[in-house]
Amino acid sequence: MTDRHAPDPFIAAARPFNARARDVNLIALALGLYIFIVLFPAYAFLRIWWTGELAVLSFANIFTAIVIGCLFGLFARALIRHTLGIRKP
Amino acid sequence: MFFESLLDLLAEHYFVIKFVHLVFAAIWAWSTSVAYSNYLLPIFRGWQRAPDDKEKIALRNWAMERFDDGAKLEHIAFPLLLVTGVLMMLAAGWTPDNGWFAMKLVLIVLVFIPIEAMDYYLAHLGCNKEKLRASGDAERYERAIHLHWWFLVVTMPIVIASITFAFFLAVAKPF
């Protein structure tokens, strides 16, 4: 027979969720860089491979990728901090 | 010859395929949003504020186990979305010559598929909380809860931005 008053091991094993502001900053930086270092080059490679044109590597496109990466990094940082309840120091 | 006949057949049914694709896109994109924002998120925030509160821990565990189950619709829709996407590509003759299509391919391969692969693992495979509870391994269960919460928190901004952008690319075809 099960002891209904026995402590639930799945509750006893619980530990606090430790999220530091520094970790969140690194995650946001990685997410922003992912756009510029992975997504944009993959898009450029696909376009160049298929069309044979290098127009995708124009200054305007590279600048746009950098700006979007920065904005997305900031957005990710703000949203993750808000979700995890990390306040400004 | 066979391939050309297949393309003709697909082109003939393009709008039906597009309709099915849109239905699965909607299920994939939004089927967990209410559960996440109105149940999981407030429950986990409550637990983060009071990490030793037994009632909050029990509620957290219950919510995450239900959320694993709730992700089934999303995870049935995703492979069907990919299949109908390929059919649409063949029917319409899209290639990376279309900038919007190249961008969408990149998002699918380098954002959506890796996220969904991890999500399948967390919700239904090695980190399914109900299975871990049945195994009796409380430590592994706790690690799975933490990993899943990190995953949801980190992917939330990605999901918001990339799914919205994917819809924009598909509808507006801006470049």
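Scroll up to find the structure this text is about.
Residues numbered from 1 in each chain as written. Chains lettered and ligands numbered in written order. Predicted model: local features only at pLDDT ≥ 70, side-chain atom pairs only at ≥ 80, totals over all residues.

A. Quick look at the overall build of chain A. In terms of regular secondary structure, chain A is built from 3 helices and 0 strands. Beginning at the N terminus, the succession of helices and strands in chain A can be written as α-α-α. Overall, the C-alpha framework of chain A stretches about 75 × 40 × 15 Å when taken along its three principal axes. With 89 residues in all, chain A has 22% of them scored as buried. Put simply, of all contacts in chain A between residues at least 6 apart along the chain, 86% involve residues at least 24 apart. (Helix = DSSP H or I, 4+ residues; strand = E, 2+ residues; numbered from the N terminus. Buried ≥ 20, exposed ≤ 12 C-beta atoms within 10 Å, placed from the backbone. Contact = placed C-beta atoms within 7 Å.)

B. A look at the interface of chain A and chain B. With 26 residues of chain A in contact, the opposing surface of chain B contributes 30 residues. Of all the secondary-structure elements, those providing two or more residues to the side of chain A that touches chain B are α1 (9-12), α2 (21-51) and α3 (59-84) of chain A.

C. Here's a closer look at the nonpolar core. By size, the foremost hydrophobic cluster in this structure holds 36 residues, and its most contacted members are Tyr43(A), Ile80(A) and Val153(B). Those elements that place two or more of their residues in this core are α2 and α3 of chain A together with α3 (33-49), α4 (54-70), α6 (99-123) and α8 (138-172) of chain B. If we ignore the near neighbours within four places in the chain, the residues touching Ile80(A) are Val24(A), Ile27(A), Ala28(A), Val153(B), Val154(B) and Pro157(B). Ranked by size, the runner-up nonpolar core spans 5 residues in total, among them Phe24(B), Ala25(B), Phe78(B) and Leu81(B). (Core = buried A, V, L, I, M, F, W, Y, C linked by C-beta atoms within 7 Å.)

D. Just α8(B), in detail. All names here are of chain B. The end-to-end C-alpha distance of α8 is 49 Å, a good match for the 51 Å that 35 residues give at a rise of 1.5 Å each. Of all the bends in α8, the largest measures some 40 degrees and sits at Thr-155, one to four residues before the proline Pro-157. Inspection of α8 places Tyr-141, Glu-142, Ala-144, Ile-145, His-148, Trp-149, Leu-152, Val-153, Val-154, Pro-157 and Ser-162 among the buried residues, and these make up the whole buried set. In the segment just after α8, Lys-173 is the residue with positive phi, at about 40 degrees. (Expected span 1.5 Å × (residues − 1). Bend = angle between axes of the 7 residues up to and from the residue.)

E. Seen up close, the environment of Leu82(B). Checked against the element boundaries, Leu82(B) lands in helix α5 (residues 72-92). In the structure, Leu82(B) is positioned 64 residues away from Lys18(B) in sequence and 12 Å away in space, judged by C-alpha atoms.

F. Local environment of α6(B). Residues and elements named next belong to chain B. Helix length check: α6 (25 residues) gives 34 Å between terminal C-alpha atoms against 36 Å at 1.5 Å per residue, within 8%. Roughly 35 degrees is the biggest bend found in α6, and it falls at Ile-108. Regarding α6, the residues found buried are Ala-102, Met-103, Lys-104, Val-106, Val-111, Phe-112, Asp-119, Leu-122 and Ala-123.

G. Just the packing of α6(B) against α8(B), in detail. All names here are of chain B. Contact geometry of α6 with α8 gives a least axis separation of 10 Å together with a crossing angle of 155 degrees. Our classification of the angle between α6 and α8 gives roughly antiparallel. Seen along the crossing, α6 lies across α8 with a hand that is left-handed. Every residue of α8 that contacts α6 at Trp-100, Met-103, Lys-104, Leu-107, Val-111, Ile-115, Met-118 and Leu-122 is listed here: Leu-147, His-148, Phe-151, Thr-155, Ile-158, Ser-162, Ala-166, Leu-169 and Ala-170. Across the contact of α6 with α8, the residue classes tally to 13 nonpolar, 3 polar and 1 charged. (Axes fitted to C-alpha atoms, helices over the stretch in contact; angles between N-to-C directions. Parallel < 35°, antiparallel > 145°, perpendicular 65-115°, else oblique. Left-handed = near helix turned anticlockwise from the far one by under 90°. Nonpolar A, V, L, I, M, F, W, Y, C, P; charged D, E, K, R; others polar.)

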